[in-house]
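# Coordinates in review
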Amino acid sequence: MAATEKPLGGVKTSLVTDVLQKTGQLEQEDFNKCATKMLKKAEEVKAEVFNTIYKEYSYAGFQDLSSSTSELNWKVSSLLKEIDATTKKVKGSILPDLDAAAEEHANLVQQLKETDMVRVILIRLGKIHLGLETLPGTLKSKAFCKAAKLLEDVKEDLEHVPRAGQEGKIFIALREELRRLSIQLVNKLDTTWNNCLLWSIPTSSSLDSAHAHLKTQLKLCTYGSEITEVINALAFLGRLEQKLKIFGKKLIQFIFRPLIIFPNLKVSVEKDKEDITISLVRDTTKCKIVEPGKVYSKIIEVLEVLCTYFTPSQDNSGLPKISILQYLGNFLWPALSEDLIKDCLAKSIPNTSAQLEKYQEVISQTEKFEEELHQLEIVDKLPSSLTKYAKDVGVHFGNKKCQDLLVTARDLMKDDIYNTVMVDRFTDTALLVTPQEIQEALLGKKSKVKNPVNTVLKAINHNYLLVYNAHFFHAELILTWQPLAIRLPSSYMEYYWICHQQEISELTKSDQEETLSEFTFNFPTCRISESTKKLMDLAYSTLIEATTSPFQTAVQLFYTVRNVFELYCSVVPAYHQDNLATLPQLSALHHNNCMYISHLLMTAGHQFSAQLPEPLGVGTVTFMDLVPTVREIGEKCLFEQLKRQRSQLLSTIRAAEGFADANEDHRSSQIERALKQVLHQLSHLSKIWKGVLPEDLYYHSLGALLDAVIQEITNEVLKLEDLSSDEAHQLNFLLNVVINKAPELFPDPSTAIPHWSRYSQLISILESSLQEITDSWGNGNGPLAQDFSAGEIRNLIRALFQNTDRRAAALAKIKAS
């Protein structure tokens, strides 16, 4: 069949037939019809074979099937031959032609794709070329938004060019041109931005004075300004954020911060046809205090000028509308609000509770300021941290007050200790009852209350007060001195029981009696450091203020006062450590300071509890737990000083190398020099302690030191085994130096020096006869027996007298007694 012939009977030919027709290789019989015939013939042969087999094995009986079987074999053989012939023809001629046609089709498709890709690349190259040609003109005409959009389009087209082939010279040249034009656009934008926003800032590196900021200027160009084009172009290129961050930092550093810190600066805005100039000038009102309301108005004035200059616009480039202040606010407001809080609101926090009530005006000004910022789109959400800080003024007031209090208290603790003031029962604020009376006392007014202590004592256990008053000075300290062989009598214990025995007995007899002598709780007359007096006045003033403050502030003030005394226990001993260790006068003053503080802390809580808000006013107001700690550091300081003085005195006495051979000139001079040096040291201590320490404590402290000396002398003399009459006479003369000097130090040495009688008796024995000593012993009941043991008297007799019958009789008599 020819290639142009149509299939017989109008039957549509197959793809294989069409291909073979076009190539002229189709034979007379259509392979499709041939295959159909063979399939139909195979089905018929199959049916005949099944039918024959069924007949052969059915129960109908055996038949002669030889003829039919031969016929079937022939049909099957003919069918197989026909199938084999057709298969060989398909494999030999049709399949190779089909493979060649498929490969040719694939090649055509690939060529079509490559052609289409070239078309796309040529279109993109045309757009890129057009964009790059147009860019210089847009830059020259300052159409920055259009230029930015063209650059982005060219960049996008270059990015979408297939990777293969980009290494060609044309693509390298295009990329280089794009980079050059991008740099040119960025430089143009930077130059135009800087020309539109022209800064003139101080050249001085120090900006901590208002005068330096008078040179600050920000000039906004309005004539032919392309600021809107620049802003939109920078935003499109993703560079606006960086520009606004730098601009915002300069605004804060050179305009807003000086306005916040220096109240004598204000904003000056000058407008002409070409420029708007913002500068800082001196405020003629010469305000010295930072006022938040004025600061807010100055900042709003600057922002309103910027809002007018940066007018949002919509250009023809299709770029979105941009609000410069909204962008600027993201970088400006966090730093600006922080500066306003730290250098404006924090400094405007009131110093007194009376001023705190007027602070509502500042809160209103702050809210109004934030609302104006919100309208300018500087602030997104209201209220911001600025208003929250202003509304928490009560907490900040308490924090500021407490911080100032701690700073002032610390400065007082570090002040010199030797500047002193006298305190006595007439200046004792512990005896006052109410904060009003304490305030009058701090102002120098005298209280009219006759016996206010009884009112205070009702709130405190009487028995505790008696123990406290008896131990008020040194009862605990006395016990700690015993291992050092310094036995001070419990001066205030004895004095209290003597002077107030009647009140104590009456208090014991009747539980209903609620009164004590007005002298029961008096502080003894002594000197304390002026800084300590100021510290206690500061504590009282703070507690008085707490009684009129809101609850939160009152709690802060009360616990800050407690912190002051805890700080005292840490700062004073450490800061003045060297002076307290080496200067006896400062040791005594520090001791008095601690006793004075602990005395006032005993009643401070009860004096203020009634007027403090709950829960402070229901029993938690107390400083009693601080009393032992404060007293301990004072006692320890004086105790350590007495140890050092005692050690020095004993070292001086021991430098005499005993009291033997006192009749020799050089030994006599050595002993006399040691004794006079001891007395000189005691006289020096007397001068610096007298009038500083309470009188009773002064006598017993000095007496304890002299007592340690005379005990050392007595023990050394008792160790002597042989004393000639000349030695005894000279020793009597030398030891009488102490007896003659002591009245200058003590009105009655026998009451201040525990072993004074023993020492006096020893001197007397040195000049006494054997009979006088025996009579003074009095069979163990005489004066000598009160101060000496029988063994000590016998040793003295052996050392003073020769071995005679009379001496032996006297020794036997003393031993027997």
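Here is a short report on the structure shown in this document. Remember, predicted model here, so these are calculated numbers, not experimental data.

## Section: the overall build of the protein chain
Counting its regular elements, the protein chain contains 33 helices and six strands. With 817 residues in all, the protein chain has 44% of them scored as buried. Within the protein chain, residue pairs in contact and separated by at least 24 positions form 75% of the contacts whose partners lie at least 6 positions apart. When the accessible surface of the protein chain is split by element, carbon and sulfur atoms take 53% of a total near 43800 Å².

## Here we look at the pattern of salt bridges
A side chain of one charge can pair with a side chain of the opposite charge when the charged atoms of the two come close. The full count for this structure, using the stated rule, is 16 salt bridges. The salt bridge involving Lys 294 is made with Glu 291; its shortest N-O contact spans 3.8 Å. Classification of Glu 291 as partly exposed rests on a relative accessible area of 34%. Between Lys 533 and Asp 537 there is a salt bridge, with its nearest N and O atoms 3.2 Å apart. With Lys 533 and Asp 537 both in helix 20 (residues 530-546), this residue pair falls four residues apart, about one helical turn. Ionic contacts of the salt-bridge type, sharing partners, join the residues Arg 257, Asp 339 and Asp 343 into one network.

## Some points on the pairing of strand 3 (residues 265-271)
As paired strands, strand 3 and strand 4 (residues 275-282) are joined by seven bridges and run antiparallel to one another. Along strand 4, the bridge assignment pairs Leu 265 with Arg 282. Here strand 3 hands over to strand 4 after three residues, the two strands then running antiparallel side by side.

## Observations regarding the sheet that holds strand 2 (residues 217-221)
Spatially, four strands are ordered 1-2-4-3 in an open sheet, and the strand pairing comes out antiparallel. On the outer flanks of this sheet lie strand 1 (197-200) and strand 3, each paired with one strand and no other. Averaged over all pairs of adjacent strands, the angle between their axes in this sheet comes to 20 degrees, without regard to strand direction. Against the sheet, helix 7 (residues 240-261) makes contact with strand 1, strand 2, strand 3 and strand 4, and its axis sits at roughly 50 degrees relative to strand 1, the strand it touches most.

## Details of the packing of helix 13 (residues 393-413) against helix 20
At their nearest, the axes of helix 13 and helix 20 sit 9 Å apart, and the two run at 165 degrees to each other. As the angle between them shows, helix 13 and helix 20 are arranged roughly antiparallel. Relative to helix 20, the crossing made by helix 13 is left-handed. Between helix 13 and helix 20, the residues in contact are Phe 397, Lys 401, Leu 405, Thr 408, Ala 409, Leu 412 and Met 413 and Ser 531, Lys 534, Leu 535, Leu 538, Thr 542 and Glu 545, respectively. Here the residues of the contact of helix 13 with helix 20 are counted per class, giving seven nonpolar, three polar and three charged.

## With respect to unusual backbone geometry
Although it is not a glycine, Glu 377 adopts a positive phi angle of roughly 70 degrees. Its location among the elements puts Glu 377 in the loop between helix 11 (360-375) and helix 12 (385-391). One non-glycine residue with positive phi stands out, namely Asp 661, at about 60 degrees. Summarising the element assignment, Asp 661 is placed in the loop between helix 24 (627-654) and helix 25 (665-689). On the basis of relative accessible area, Asp 661 is assigned to the partly exposed category, the value being 35%.

## Comments concerning helix 23 (residues 584-608)
With 25 residues, helix 23 ought to run about 36 Å at 1.5 Å a step, and its terminal C-alpha atoms sit 36 Å apart, in line with that. The buried count for helix 23 comes to 23 of 25 residues, which makes it a mostly enclosed element.

## Side note on the environment of Phe 659
Locating Phe 659 in the fold gives a position in the loop between helix 24 and helix 25. Considering only alpha carbons, one finds Phe 659 and Gln 670, eleven residues apart in sequence, at a separation of 9.5 Å. When residues no more than four places from it in sequence are discounted, the contact partners of Phe 659 are Arg 667, Ile 671, Ile 713, Glu 716, Val 717, Leu 720, Leu 731 and Leu 735.

## Some points on the nonpolar core
Nonpolar side chains tend toward joint burial in soluble globular proteins. Within the largest apolar cluster, 79 residues are counted, with the highest numbers of intra-cluster contacts made by Phe 247, Leu 251, Ile 255, Phe 256, Leu 306 and Leu 340. Those residues within four positions of Ile 255 in sequence are excluded, and the remaining contacts are Trp 199, Thr 216, Leu 218, Lys 250, Ile 278, Leu 280 and Val 302. If you look at the next biggest cluster of nonpolar residues, it comprises 67 residues, including Leu 580, Val 692, Val 738 and Leu 811.

## Regarding the packing of aromatic side chains
This model, assessed by the stated rule, comprises 15 aromatic pairs. Ring centres of Tyr 296 and Phe 369 lie 4.4 Å apart, and the angle between their planes is 10 degrees; on these two criteria the pair is classed as stacked. Of this pair, Tyr 296 sits in helix 8 (residues 292-309) while Phe 369 sits in helix 11, and the two are 73 residues apart along the sequence. Taking the relative accessible area as the measure of exposure, Tyr 296 reaches 3% and is therefore buried. Ring centres of Tyr 698 and Tyr 699 lie 4.9 Å apart, and the angle between their planes is 55 degrees; this geometry places the pair in the tilted category. There is no split in this pair, since Tyr 698 and Tyr 699 are both buried. By the ring-pair criterion, three or more aromatic residues cluster together here, those being Trp 193, Trp 199, Phe 247, Phe 254, Tyr 309 and Phe 310.

## Here's the deal with the environment of Met 422
Mapping Met 422 onto the fold places it in strand 5 (residues 420-423). Considering only alpha carbons, one finds Met 422 and Gly 691, 269 residues apart in sequence, at a separation of 9.0 Å. Apart from residues no more than four positions distant in its own chain, Met 422 is found in contact with Thr 427, Thr 525, Cys 526, Arg 527 and Gly 691.

Each value, and the rule that gives it
Residues numbered from 1 in each chain as written. Predicted model: local features only at pLDDT ≥ 70, side-chain atom pairs only at ≥ 80, totals over all residues. Heavy atoms only, no water. Helix = DSSP H or I, 4+ residues; strand = E, 2+ residues; numbered from the N terminus. Buried < 20%, exposed > 50% of the residue type's maximum accessible area, 1.4 Å probe, protein only. Contact = heavy atoms within 4.5 Å. Areas by Shrake-Rupley, 256 points an atom, 1.4 Å probe, with all protein chains shown as cover. Salt bridge = Lys/Arg side-chain N within 4 Å of Asp/Glu carboxyl O. Pairing = 2+ DSSP bridges. Axes fitted to C-alpha atoms, helices over the stretch in contact; angles between N-to-C directions. Parallel < 35°, antiparallel > 145°, perpendicular 65-115°, else oblique. Left-handed = near helix turned anticlockwise from the far one by under 90°. Nonpolar A, V, L, I, M, F, W, Y, C, P; charged D, E, K, R; others polar. Expected span 1.5 Å × (residues − 1). Core = buried A, V, L, I, M, F, W, Y, C linked by side-chain atoms within 4.5 Å. Phe/Tyr/Trp six-rings, centres within 6.5 Å; stacked < 30°, edge-to-face > 60°.

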